[in-house]
Amino acid sequence: MAHMTTSAPVFVDAAAYVQAVEDASKAAAAYYSGGTSALDDDSYDRLVWAIAAFEAEHPEQVLPDSPTGKVAGGAVQGDVPHTAAMLSLDNVFTPEEFTTWTASVARRIDREVTRWNVQPKLDGLAIAARYTDGHLTRLVTRGDGTAGEDVSHAIGTIEGLPGRLTEPVTLEVRGEVLMTNDQFEHANTVRTAHGGAPFANPRNAAAGTLRAKDRAYTVPMTFFAYGLLPLPDTAADAAEHLTTLPHGDLLRYAADLGVRTPADTQVPGVTLDGVEDVLARVEEIAALRAELPFGIDGIVVKADLAADQQAAGSGSRAPRWAIAFKLPAVEKITKLVGVEWNVGRTGIIAPRAVLEPVDIDGSTVTYATLHNPSDITRRDLRLGDQVMVYKAGDIIPRIEAPVAHLRTGDEQPIAFPEVCPQCGSAIDASEQRWRCERGRDCHLVASLSYAAGRDQLDIEGLGASRVVQLVEAGLVADIADLFTLTRDQLLGLERMGETSTDNLLAAIEAAKTQPLSRVLCALGVRGTGRSMSRRIARHFATMDHIRSADANAMQQVEGIGTEKAPVIVAELAELAPVIEKLIASGVNMSEPGATPPTTPPTTPPAPDDEADTDEQTGPLDGMTVVVTGAMTGPLEQLTRNEMNELIERAGGKSSSSVSKRTSLVVAGEGAGSKRTKAETLGIRLATPDEFADLVSALLT
Ligand code: IVH
């Protein structure tokens with residue numbers, strides 16, 4: 001796990017300290033109100049740490065509005081008093097710090113804590129929800145911890161926080177309000193449609209939405225409970241029950257009352273005995289982070305037993321029986337210094353952000369995806385903007401939004417290309433993703449190199465530099481031309497001797513026998529990659545059937561919807577001359593083992609018509625299989641694509657992510673979060689060797 005490695009600033013004098021207190025206060029105010037802070041979380045934490053260090057050395061100079069020792073950095077106040085203080089949490093960043101903390105708790109209570117509750121630290125806002133006789137009557141933010149703001153107007157917009165509990169009890173539910181990634185996307189779509197600026201991240205969106213009154217629209221948020229406590233009107237026996245239950249049982253009770261808890265997520269709270277087990281669980285949750293549908297910024301570890309909690313007590317800012325094990329920040333602010341426009345193999349013109357290099361979660365980020373031109377317009381991005389960049393796990397970094405109030409006025413508009421940056425032709429801007437009018441012919445070198453690649457036609461000896469030679473010599477204008485290349489033509493090229501020529505010709509000849517799925521993929525049909533090409537080929541079995549499919553028939557293929565189907569049909573029509581040439585050269589146009597649909601391809605199948613290409617028999621029939629980590633033994637030489645092909649030949653479905661629907665995870669060396677997730681969900685695991693045994697009949 002990565003830890004916070006960057007050191008905190010050191011103040012040279014009192015003036016620097018005063019400035020730091022001012023900066024931190026402003027940042028905290030923005031953080032808790034839904035505005036965008038000029039400091040990302042990591043920088044804020046370091047600044048407060050440095051402020052605390054200065055104050056420890058110069059206690060006489062401590063400013064009254066210093067954020068240290070205060071809930072929410074002292075940034076927010078409210079007028080609804082809390083019946084019990086709403087505290088914050090102290091942080092640790094390393095296993096060593098955690099172990100030291102557990103020892104300090106043991107010293108304080110004079111015994112070891114033997115039951116810990118480990119749960120995700122949800123990245124949203126703390127809220128207190130008051131229920132009277134089972135009815136939700138009031139919502140209050142954390143505020144400064146002693147009093148918060150009334151946000152009852154948000155009742156009814158927060159999933160997981162029911163208007164009525166399953167029992168007529170009087171109590172307060174505490175937990176976190178957040179936006180899931182989907183809710184965040186939805187909120188920004190709705191907000192920008194109403195002329196608002198998009199929120200920078202889900203946390204910000206939740207903060208802004210929670211506090212907003214009288215908006216023309218409402219967008220949903222989600223609540224997860226992490227505490228239950230009595231209110232002054234709670235019956236004595238019920239209050240006794242709430243204050244003596246172990247934490248795990250308390251949250252189970254919350255769930256029974258109808259309130260959402262992390263229990264039904266991939267990271268449910270668990271009760272564990274020893275520090276080692278706790279640390280292992282921390283690692284597990286950290287590994288799952290990138291795949292969760294909501295943001296977490298750490299793991300909270302709490303003494304589970306009420307007696308331990310009471311014995312440890314609380315400080316003014318945080319309880320002494322709980323700690324936040326913080327995870328490295330996945331968001332940083334950096335500068336957008338440029339935008340590059342790259343043309344892909346199908347002619348798509350994609351913008352890419354060039355950033356001032358920034359370290360996020362252990363790697364240096366210099367580029368981020370910008371999706372398409374309308375995305376730039378929607379976010380009102382400008383060159384020179386400070387932008388919030390997000391990167392988690394192996395996800396491609398993305399820009400969330402500009403930090404508008406950090407603008408200096410020197411920012412420049414981003415120029416969109418007027419002609420194709422690759423070939424100078426006109427641009428087809430009729431769809432969200434712009435495309436060179438020459439389509440796949442624009443970047444012929446890219447499309448041919450892709451076609452010859454190992455997972456498509458697998459033509460050894462046809463690397464990018466050889467493709468450049470062929471294109472420059474005017475010998476190939478599309479992939480079909482590869483199959484009519486003559487020995488003399490190849491010998492006429494520079495650095496092409498007899499042996500390389502014969503080898504290349506043999507490789508081209510061998511490529512003619514590739515399955516239809518690979519030929520289709522090599523054609524570079526827009527909207528289809530490797531797995532989609534395999535699905536199409538297995539569904540239709542022959543190129544003839546594919547080509548006679550209309551949009552309706554195309555939609556029968558899993559994953560092809562109303563938008564994609566007509567694009568694929570049109571692309572195939574456009575590719576007709578190339579396909580004809582391939583057929584004439586003797587390139588295989590059928591998918592081994594697949595049978596064509598029994599219904600005529602233009603008629604959608606009747607609802608009870610199960611006859612499909614999927615009805616094959618194989619060792620993985622009906623199974624969804626995920627491959628992760630390095631393959632060894634008989635599978636060592638297989639690319640991920642080849643593994644997926646193998647799974648599908650064996651009757652299974654390949655997938656890249658683990659979910660409840662996964663039947664088997666093949667986990668090789670170095671498998672990380674996917675294996676962890678399979679273990680958490682109780683999904684069957686196989687080593688590469690075990691898997692090779694399972695499909696041995698198909699391994700040649
Ligand atoms: S327990 C007295 N549990 O993190 C215990 N807090 O940085 C206080 N948070 O103010 C809270 N997930 O807003 C707890 N599972 C969790 C949490 C959690 C997120 C938030 C909460 C708290 C903040 C402290």
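- Per an unreviewed UniProt entry, the recorded name for the chain is DNA ligase, and the organism is Streptomyces longisporoflavus.
- In its Sequence similarities (unreviewed entry) section, UniProt records this for the chain: "Belongs to the NAD-dependent DNA ligase family. LigA subfamily."

**Some words on the site of the ligand**
Argument step 1. Residues in contact with the ligand amount to 14 residues; listed here are only the nearest, Gln119, Lys121, Leu122, Arg142 and Glu176.
Argument step 2. For the ligand, an oxygen atom lies 3.5 Å from a polar atom in the backbone of Leu87.
Argument step 3. Contact distances for the ligand include 2.6 Å between an oxygen atom and a side-chain N or O atom of Arg142.
Argument step 4. Protein contacts shield 89% of the accessible area of the ligand, which totals 530 Å² for the unbound molecule.
Argument step 5. At the level of elements, strand 3 (116-122) and strand 11 (296-303) are the ones that each hand at least two residues to the shell around the ligand.
Argument step 6. Looking at the shell around the ligand, the element that brings in the most residues is strand 3, giving four residues.
Argument step 7. Looking at the shell around the ligand residue by residue, the class counts come to eight nonpolar, two polar and four charged.

**Focus: the UniProt feature "binding site: Zn(2+)" (unreviewed entry) in the chain**
Argument step 1. The feature "binding site: Zn(2+)" (unreviewed entry), as annotated in UniProt, sits at Cys420, Cys423 and Cys442 in this numbering. These residues run over 23 residues, yet every pair of their C-alpha atoms falls within 8.7 Å of each other.
Argument step 2. Inspection of the secondary structure assignment puts Cys423 in the loop between strand 19 (412-413) and strand 20 (427-428).
Argument step 3. With respect to the helices and strands, Cys442 occurs in the loop between strand 21 (435-436) and helix 11 (444-452).

**Things to note about the sheet that holds strand 4 (residues 125-132)**
Argument step 1. A sheet is described by the order of its strands in space; here five strands give the open sequence 5-4-8-9-7, paired in mixed fashion. Every other strand in the sheet has two partners, leaving strand 5 (135-141) and strand 7 (158-159) as the edge strands with one partner each.
Argument step 2. Against the sheet, helix 6 (residues 236-244) touches strand 8 (171-178) and strand 9 (221-230), its axis set at about 110 degrees to strand 9.

**Description of the sheet that holds strand 24 (residues 664-667)**
Argument step 1. Across the sheet, which stays open at both edges, the four strands sit in the order 23-22-24-25 with parallel pairing between neighbours. Across the chains shown, the open sheet's two edge strands, defined by having one partner strand only, are strand 23 (653-655) and strand 25 (684-686). Put simply, the sheet's adjacent strands are angled 30 degrees from each other on average, direction ignored.
Argument step 2. Of the pairings in the sheet, the one linking strand 22 (residues 624-628) to strand 24 comprises four bridges and is parallel in character. Considered in strand 24, the bridge of Val627 is made with Val666.
Argument step 3. Seen against the sheet, helix 21 (residues 640-649) touches strand 22 and strand 23 and runs at an angle of roughly 160 degrees to strand 22.

**So, the pattern of salt bridges**
Argument step 1. Counted according to the given criterion, the structure contains 35 salt bridges.
Argument step 2. Notably, a salt bridge pairs Arg440 with Glu574, separated by 3.8 Å at the nearest N-O pair. With Arg440 in the loop between strand 21 and helix 11 and Glu574 in helix 19 (residues 564-574), this pair connects stretches of sequence that are 134 residues apart.
Argument step 3. Owing to a relative accessible area of 11%, Arg440 belongs among the buried residues under this scheme.
Argument step 4. Owing to a relative accessible area of 52%, Glu574 belongs among the exposed residues under this scheme.
Argument step 5. Here the salt bridges share partners, and the residues they tie into one network are Arg435, Arg440, Arg526, Glu571 and Glu574.

**A look at the UniProt feature "binding site: NAD(+)" (unreviewed entry) in the chain**
Argument step 1. Under the UniProt annotation, the feature "binding site: NAD(+)" (unreviewed entry) is placed at Asp41, Asp42, Ser43, Tyr44, Asp45, Ser88, Leu89, Arg142, Glu176, Lys302 and Lys326. With a sequence span of 286 residues, these residues are also far apart in the fold, their greatest C-alpha distance being 26.4 Å.
Argument step 2. Looking at the element boundaries, Asp42 is found in helix 2 (residues 41-57).
Argument step 3. Relative to the elements of secondary structure, Ser43 occurs in helix 2.
Argument step 4. On the accessibility criterion, Ser43 (22% relative accessible area) is partly exposed.
Argument step 5. Side-chain polar atoms of Ser43 contact the side chain of Asp40, separated by 2.7 Å.

**Description of the state of the cysteines**
Argument step 1. This structure, assessed with the given rule, holds zero disulfides.
Argument step 2. Take Cys436: it sits in no disulfide, and the sulfur closest to it among the cysteines is that of Cys423, at 3.6 Å.
Argument step 3. In this structure Cys436 comes out as buried when scored by relative accessible area, which is 2%.
Argument step 4. Free of any disulfide, Cys521 has its nearest neighbouring cysteine sulfur in Cys442, separated by 19 Å.

**Digging into the packing of helix 19 against helix 20 (residues 576-584)**
Argument step 1. At a minimum axis distance of 5 Å, the contact between helix 19 and helix 20 shows a crossing angle of 60 degrees. In terms of orientation, helix 19 and helix 20 fall into the oblique class. Residues Leu572, Ala573 and Glu574 of helix 19 pack against Ala576, Pro577 and Ile579 of helix 20.
Argument step 2. Taken together, the residues of the contact of helix 19 with helix 20 break down into five nonpolar, no polar and one charged.

**Considerations on helix 3 (residues 95-109)**
Argument step 1. In this model helix 3 runs 21 Å from its N-terminal to its C-terminal C-alpha over 15 residues, within 8% of the 21 Å that 1.5 Å per residue would give.
Argument step 2. All of the buried residues along helix 3 are Phe98, Trp101, Thr102, Val105, Ala106 and Ile109. Across the axial projection of helix 3, the buried residues extend over an arc of 140 degrees, all falling on one side. In helix 3, the exposed positions that point more than 90 degrees away from the buried face belong to Glu96, Thr100 and Arg107.
Argument step 3. Buried residues along helix 3 sit in contact with strand 2 (91-92), strand 3, helix 8 (275-288), strand 11, helix 9 (306-312) and strand 12 (322-326).
Argument step 4. Just downstream of helix 3, Asp110 is the residue with a positive phi angle, here 65 degrees.

Reading the values: rules and limits
- Residues numbered from 1 in each chain as written.
- Predicted model: local features only at pLDDT ≥ 70, side-chain atom pairs only at ≥ 80, totals over all residues.
- Heavy atoms only, no water.
- UniProt positions renumbered as here; feature names shortened; annotations may be inferred.
- Near = heavy atom within 4 Å.
- Polar contact = N/O pair within 3.5 Å; in protein donor to acceptor, adjacent residues only side chain to side chain.
- Areas by Shrake-Rupley, 256 points an atom, 1.4 Å probe, with all protein chains shown as cover.
- Helix = DSSP H or I, 4+ residues; strand = E, 2+ residues; numbered from the N terminus.
- Nonpolar A, V, L, I, M, F, W, Y, C, P; charged D, E, K, R; others polar.
- Pairing = 2+ DSSP bridges.
- Contact = heavy atoms within 4.5 Å.
- Axes fitted to C-alpha atoms, helices over the stretch in contact; angles between N-to-C directions.
- Salt bridge = Lys/Arg side-chain N within 4 Å of Asp/Glu carboxyl O.
- Buried < 20%, exposed > 50% of the residue type's maximum accessible area, 1.4 Å probe, protein only.
- Disulfide = S-S within 2.5 Å.
- Parallel < 35°, antiparallel > 145°, perpendicular 65-115°, else oblique.
- Expected span 1.5 Å × (residues − 1).
- Arc of directions from axis to C-beta.

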